[in-house]
Amino acid sequence: MKLLSLQRRMARAVMTPLTRAERMRPVAPDGRSMRAAASAIIKPNDRLTSFERLEIYNRQYWFRVLSAFAEDFPGVRAVLGGRRFDAMAKAYLIDCPSQSFTLRNLGSRLVSWLQKHPSWAGSRQNLAVDMARLEWADIEAFDGLREPSLKPEDLTGVNPAKLRLHLQPYVSLLALRYPVDDLLLEVRKDSDDLDVASNTFSERHKRKRVAAVAQLKPSAIFLAVHRLDEDVYFRRLDREEFAILTALHAGKTLNAAIEAALRGSSIALADRAAHVEKWFHTWSALGWFCRLDSAPKRNSTASRR
Amino acid sequence: MPANRFNGHTDYGIGIGLRSPHYHHILTRKPVVDWFEIISENFMIDGGRPLRILDQILEQYKVVQHGVSMYFGSAERPNREHLRRLKTLVQRTKTPWLSDHLCWGSVDGRYTHDLLPMPYTFEAARITAQKVREVRDFLEIPVAVENVSSYAEFHVSEMTEWEFLNEVVERADCGILLDVNNIYVSSQNHSFDPFTYINSVPAERVAQIHIAGHSKYRKYILDTHDHPVIDPVWRLYARAIERVGHTATLLEWDDSIPSFDEVHDEALKANRFLASASLAAAV
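Procedures and definitions
- All residue numbers refer to position in the chain's written sequence, counted from 1.
- The lettering of chains begins at A and the numbering of ligands begins at 1, in the order of writing.
- The model is predicted, so local features are restricted to residues of pLDDT at least 70 and side-chain atom pairs to those at 80 or more, both for listing and for counting; the totals for chains, interfaces and linings are taken over all residues.
- Helix and strand definitions follow DSSP, with helices as H or I runs of at least four residues and strands as E runs of at least two, each counted in order from the N terminus.
- Neighbour counting defines burial: a residue surrounded by 20 or more other C-beta atoms within 10 Å of its own C-beta is buried, one with 12 or fewer is exposed, and intermediate counts give partly exposed, using backbone-placed C-beta atoms.
- Our contact criterion uses C-beta atoms placed from the backbone: two residues qualify when those atoms are within 7 Å.
- Inter-axis angles, ranging from 0 to 180 degrees, are taken between N-to-C directions of lines fitted to C-alpha atoms, where helices are fitted over the stretch in contact.
- Should an angle lie under 35 degrees it is considered roughly parallel, over 145 roughly antiparallel, and from 65 to 115 roughly perpendicular; all remaining angles are considered oblique.
- Each residue is assigned to one class: nonpolar for Ala, Val, Leu, Ile, Met, Phe, Trp, Tyr, Cys and Pro, charged for Asp, Glu, Lys and Arg, and polar for all the others, Gly among them.
- Residues of type Ala, Val, Leu, Ile, Met, Phe, Trp, Tyr and Cys that are buried and joined through C-beta atoms within 7 Å form what is called a nonpolar core.
- For each domain, the first and last residues come from an automatic or database assignment.
- A strand pair is defined by DSSP finding two or more bridges across the two strands.
- Should the near helix be turned counterclockwise from the far one by less than a right angle, the crossing is left-handed, whereas a clockwise turn marks it as right-handed.
- Confidence of the predictor in every single residue is expressed as pLDDT, which spans 0 to 100.

Side note on the overall build of chain A
Phase 1: Scanning chain A for helices and strands turns up 12 helices and 3 strands.
Phase 2: When the 305 residues of chain A are sorted by exposure, 36% land in the buried category.

The following block contains the structure:
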């Protein structure tokens, strides 16, 4: 048997989903006998059958990818509940196995997958998608590229009608239907408490978190997920702020972005200039704009935390 | 060998794996450590805290890169994006050599994120050696391949694991990262004499040695890196040092990670064997 053929057969077996009892299936979902598949390529020894030897790799694969996935999406887990999340994770990883050398990218297709498979989240579909978007943006912000930041002197003599500003690659702008930022912070706090708390204390917090999820009502928010001094932050934005940044990110000129964002705004005409000035001051202080000569790029092939 | 062309002619002592639970201790206490081994993939990123910490470590310590997903034994060609990022990191760390495993783990663009065992065939040796050469030529630094722990053997194998290792490193003209714990684990799982393996390795190609702990189950042993090194593994290490001389040695501890001092103390136990090797060399 040629190397490529053997590796295809083994990989197919290793990535076959486990039983509910987390053992290798005797029969794969497509009807293949896993015993026959194992015997065809793997020798038995005096303690283990071919099936049992292959099962070690099959179980290790699923334990590894499921645990890495759960580590990246504690918020989605809180939204769906543990049992439903575990089932969803298996279904997602069957449809979207890793295509990257790093586990960091395991969840890169979760948002689009959840949108195509609403049954996994049921009535919490929008909430689950919002949370998945936030958690993926968090991963991107954590280790995304930082270009040299724009400085006030870089703008000397630049015509605002032609000026195009680029956001740092690690900044994500999210329009969300639920205030999932608060929920994720609560979930994380809960997780941190678990490290040090007694069982009773942990149980109380768990109930509090479940209650928070159950009571979360739709409430549109605009969010920038960004990094400051290497910590990731979620910053709530005004609607107009979000619109300006989104337009700039889409490549509009500064003037066009501001004009489009403020069209129909409830901010009084007389106050608009002050608002814009304040927003730009904040964004600049946070280092969100790249220097004009920096070529921005978004990348998603990096490592896990 | 103390210094050879496979470890960039360096003479490193005893190192430990750089792991996040120890970052604070290392950066604040600045313990004396010969060198740290990093998992390359954890730092093949564009920015953020991991790279900032790495740069702080690099200011004070020697660092060697160890990879987990190059998959020299995969039938497919090396991933160009992986190579590009790896080279960027190599330029940052100035690692004198780089290691990854003699295994496979991806096929048709899908990754298992596991270190899957090789079929010990001449075809596999040829493909693997070609890939090692390709990676080394691209990175422009010495490359060492590490023997892995395994739990399965293939019908198609045409040679023993150590014969396969020798076949690959001779064809690729590369170094060996000799993991004596992996030899022990595989010897128990496949019922061979681990000393036969150690005695068969071309000593002049050993760039580095790994030691680690493992977990014993009823019917097999798993390479878990979550325990101290057991005596039978220290005996294999002693034999390896006897053959290859005072060689850069690294303790791997990746799960249930204890305090920095505990990990470092465990690693420093290798000193008693390295000291006798130095003495023997002097005599």
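A word on the overall build of chain B
Phase 1: On a plain count of helices and strands, chain B comes out with 10 helices and 12 strands.
Phase 2: Over its C-alpha atoms, taken along the principal directions, chain B stretches across nearly 50 × 45 × 40 Å.
Phase 3: By residue count, 54% of the 283 residues in chain B fall in the buried class.
Phase 4: In chain B, the proportion of contacts linking residues at least 24 apart, taken out of those at least 6 apart, comes to 79%.

A closer look at the interface of chain A and chain B
Phase 1: On the chain B side, the residues contacting the 44 residues of chain A number 41 residues.
Phase 2: Among the elements of the structure, helix H1 (3–14), helix H3 (50–72) and helix H7 (125–143) of chain A are those that each provide at least two residues to the side of chain A that touches chain B.

Points about the packing of helix H2 (residues 34–41) of chain A against H3(A)
Residues and elements named next belong to chain A.
Phase 1: Relative to each other, H2 and H3 sit at 95°, their axes nearing to 8 Å. Our classification of the angle between H2 and H3 gives roughly perpendicular. Counted together, Met 34, Arg 35, Ala 38 and Ser 39 of H2 and Ser 50, Phe 51 and Leu 54 of H3 form the full contact between these two elements.
Phase 2: Taken together, the residues of the contact of H2 with H3 break down into 4 nonpolar, 2 polar and 1 charged.

Re the nonpolar core
Phase 1: Counting residues in hydrophobic clusters, the biggest one holds 156 residues, and the most contacted among them are Ala128(A), Val145(B), Ile176(B), Val180(B) and Tyr237(B).
Phase 2: Of the residues forming this core, the biggest block, 11 residues, is contributed by H7(A).
Phase 3: Structurally, this core is a two-domain feature, drawing no fewer than three residues from each of domain 1 (1–69) and domain 2 (73–285) of chain A.

Focus on the domain arrangement of chain A
All names here are of chain A.
Phase 1: When the domains of chain A are assigned, the result is domain 1 (1–69) and domain 2 (73–285).
Phase 2: When each unit is reduced to the centre of its C-alpha atoms, the spacing between domain 1 and domain 2 is 38 Å.
Phase 3: Taken together, the contacts link 6 residues of domain 1 with 10 residues of domain 2.
Phase 4: Its residues assigned to classes, the side of domain 1 that touches domain 2 shows 6 nonpolar, no polar and no charged.

Concerning the sheet that holds strand S2 (residues 35–39) of chain B
Residues and elements named next belong to chain B.
Phase 1: Taking strand neighbours around the barrel as the criterion, the 8 strands line up as S1-S2-S3-S4-S7-S8-S9-S12 in a closed arrangement whose pairing is parallel. Direction aside, neighbouring strands of the sheet carry axes that sit 30° apart on average.
Phase 2: Across 3 bridges, strand S1 (residues 14–17) lies against S2 in parallel orientation. Residue pairing for S2: Ile 16 is matched across the bridge by Phe 36.
Phase 3: Packing against the sheet, helix H9 (residues 260–268) makes contact with S1 and strand S12 (249–252), and its axis sits at approximately 140° to S1.

Regarding the environment of Val107(B)
Phase 1: With respect to the helices and strands, the residue Val107(B) is situated in strand S5 (residues 104–107).
Phase 2: With 109 residues separating them in the primary sequence, Val107(B) and Lys216(B) have C-alpha atoms 30 Å apart.
Phase 3: Val107(B) has contacts with Gln7(A), Arg8(A), Ala11(A), Ser74(B), Ala75(B) and Glu76(B), leaving out every residue within four places of it along the chain.

Description of the environment of Ser74(B)
Phase 1: Here Ser74(B) shows up in the loop between strand S3 (63–66) and helix H3 (80–93).
Phase 2: For Ser74(B), a count of 26 C-beta atoms within 10 Å puts it in the buried group.

As for the pairing of strand S3 (residues 231–237) of chain A
Residues and elements named next belong to chain A.
Phase 1: As paired strands, strand S2 (residues 221–228) and S3 are joined by 7 bridges and run antiparallel to one another. Across the sheet, the residue bridging to Ala 224 is Arg 235, located in S3.
Phase 2: Where S2 hands over to S3, the hairpin turn is made up of 2 residues, of which Asp 229 adopts a positive phi near 50°.

Section: the sheet that holds strand S1 (residues 172–176) of chain A
One key point about sheets: their strands pair by backbone hydrogen bonds, in either a parallel or an antiparallel sense.
Residues and elements named next belong to chain A.
Phase 1: Ordered in space as S1-S2-S3, the 3 strands form an open sheet in which the pairing is antiparallel. Bordering the open sheet on either side are S1 and S3, each of which pairs with just one other strand. The mean angle between the axes of side-by-side strands here comes to 25°, regardless of whether they run parallel or antiparallel.
Phase 2: Summarising the sheet, S1 and S2 pair through 5 bridges and their orientation is antiparallel. Looking at S2, one finds that Leu 174 is bridged to Leu 223.
Phase 3: Across the sheet, H7 is in contact with S1, S2 and S3; its angle to S1 comes to roughly 170°.
Phase 4: Sheet strands touched by helix H10 (residues 239–249): S1, S2 and S3. Its angle to S1, the strand with the most contacts, is close to 130°.

Description of the packing of helix H6 (residues 180–190) of chain B against helix H8 (residues 231–244) of chain B
Two numbers describe a pair of packed helices, the interaxial angle and the distance between the axes.
Residue and element names in this part refer to chain B.
Phase 1: Between H6 and H8, whose axes approach to 9 Å, the crossing angle comes to 125°. By the angle between their directions, the pair H6 and H8 is classed as oblique. Between H6 and H8 lies a crossing whose hand is right-handed. Between H6 and H8, the residues in contact are Val 180, Asn 181, Ile 183 and Tyr 184 and Pro 232, Val 233, Leu 236, Tyr 237 and Ala 240, respectively.
Phase 2: Among the residues making up the contact of H6 with H8, the classes are represented as 8 nonpolar, 1 polar and no charged.

Concerning the environment of Val187(A)
Phase 1: Within the secondary structure, Val187(A) is located in helix H8 (residues 180–196).
Phase 2: Along the chain, Val187(A) and Gly75(A) lie 112 residues apart, while their C-alpha atoms are 6.5 Å from each other.

Points about unusual backbone geometry
Residue and element names in this part refer to chain B.
Phase 1: Positioned with a positive phi, Lys 30 is a non-glycine residue whose angle comes to about 50°.
Phase 2: Its place among the elements puts Lys 30 in the loop between helix H1 (23–29) and S2.
Phase 3: Assessed through the 10 C-beta atoms surrounding it within 10 Å, Lys 30 is described here as exposed.
Phase 4: The residue Ser 256 is not glycine, and still its phi comes out positive at about 45°.
Phase 5: Along the chain, Ser 256 falls in the loop between S12 and H9.
Phase 6: The exposure class assigned to Ser 256 is exposed, which follows from the 10 C-beta atoms found within 10 Å.

Concerning the confidence of the model for chain A
Phase 1: Scored by pLDDT, chain A comes out at a mean of 90, with 89% of its residues at no less than 70.
Phase 2: Counting contacts from residues 298–305 of chain A, a segment whose pLDDT is below 50, to residues more than four positions away or on other chains yields 29 contacts.

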